[in-house]
Amino acid sequence: MEDDDEEPLEPSPVAKFLYPDPEELPNDIQMPIWDHLEELRERVFVGLLACGAAILTCFVFSKELVVFLEAPVADAGVRFLQLSPGEFFFTTLKASGYAGLLVAAPTMVYEIIAYVVPGLTKSERTFLAPIVFGSSALFYLGLFFSYEILTPAALNFFVSYADGAVESLWSIDQYFEFVLVLMFSTGLSFQVPVLQVLLGQLGVVSSEQMFSIWRYVVVGSTVAAAVLTPSTDPFTQALLAIPLVGLYMGGASVVRLIEQSRAKGAAA
């Protein structure tokens, strides 16, 4: 015979996310579906306009942008060549496109958030701002790390390895492809703590479980660095693998702090 006084089970964080408490649902804005579509159209238009304006502006200053991206090997004696007609022109288009997306990213993120926020619960609204800010900060930190440390180390390794055997005459297009892929892959890899916090907030993985698999994280970071870095030298891969391990441990520590804060709030 079952006990009628048995307390109901507490719903999991995932269940709370899929089926939120009605008291948590927003009731301040009511819009018909056509108004939602019209708002979506306007925000997409603003995002595309900002993106186009940023890319055009970066293209106007494309030569200065090229000099900026060549700086990691400016003092290494590397000479850049245009190996086919229009190669430099299309390279500047590519570089301007990437740079324009970075410049317009805050505007596009704002438009997405402004459209999504009215449909979020109160707790999700509170949690959204730190996630977006942290994700953006870590992405730009990854770009900075790649430009200042990772890219110069990889390029100088190749230059020093070829010294005395061949002259470093590099294709401008292949150089920019190498640098841009390395920078963006580093920026994306710096999103590891954000993913950890999201999984911890949903209750999928606890901080204890995250810390318990640190050995696998070291191996996985090494493999990820080998995949993400365009170069094949172990020095460059180690330069990316070490920060990845540190970011993972930092993300696990943040999840533990959130769990402790949640436990204190439940006990109060």
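Before reading further, recall that the structure is shown in the block above.
Because the structure is a prediction, the values reported are computed rather than measured. (Residues numbered from 1 in each chain as written. Predicted model: local features only at pLDDT ≥ 70, side-chain atom pairs only at ≥ 80, totals over all residues. Heavy atoms only, no water.)

Caption draft 1: Representation of helix H6 (residues 172–189) in the model. Taking 1.5 Å per residue, 18 residues should reach 26 Å; H6 reaches 26 Å between its end C-alpha atoms and fits that length. Of all the positions in H6, only Ile 172, Tyr 175, Phe 176, Phe 178, Val 179, Leu 180, Leu 182, Met 183, Ser 185, Thr 186, Gly 187 and Ser 189 are classed as buried. (Helix = DSSP H or I, 4+ residues; strand = E, 2+ residues; numbered from the N terminus. Expected span 1.5 Å × (residues − 1). Buried < 20%, exposed > 50% of the residue type's maximum accessible area, 1.4 Å probe, protein only.)

Caption draft 2: Main features of the pattern of salt bridges. One pass over the structure, following the stated rule, counts four salt bridges. One salt bridge connects Glu 38 with Arg 41, and the closest N-O pair in it is separated by 2.7 Å. In this pair, Glu 38 and Arg 41 are both assigned in helix H2 (residues 33–60), three residues apart and thus about one turn of the helix distant. Glu 39 is paired through a salt bridge with Arg 43; the nearest N and O atoms lie 3.0 Å apart. Note that Glu 39 and Arg 43 are positioned in helix H2 at a spacing of four residues, about one turn of the helix. Judged by its relative accessible area of 16%, Glu 39 falls in the buried class. Arg 43 gets classed as partly exposed once you look at its relative accessible area, which sits at 23%. Each of Glu 39, Arg 43 and Glu 111 takes part in salt bridges that share partners, so that together they form one network. (Salt bridge = Lys/Arg side-chain N within 4 Å of Asp/Glu carboxyl O.)

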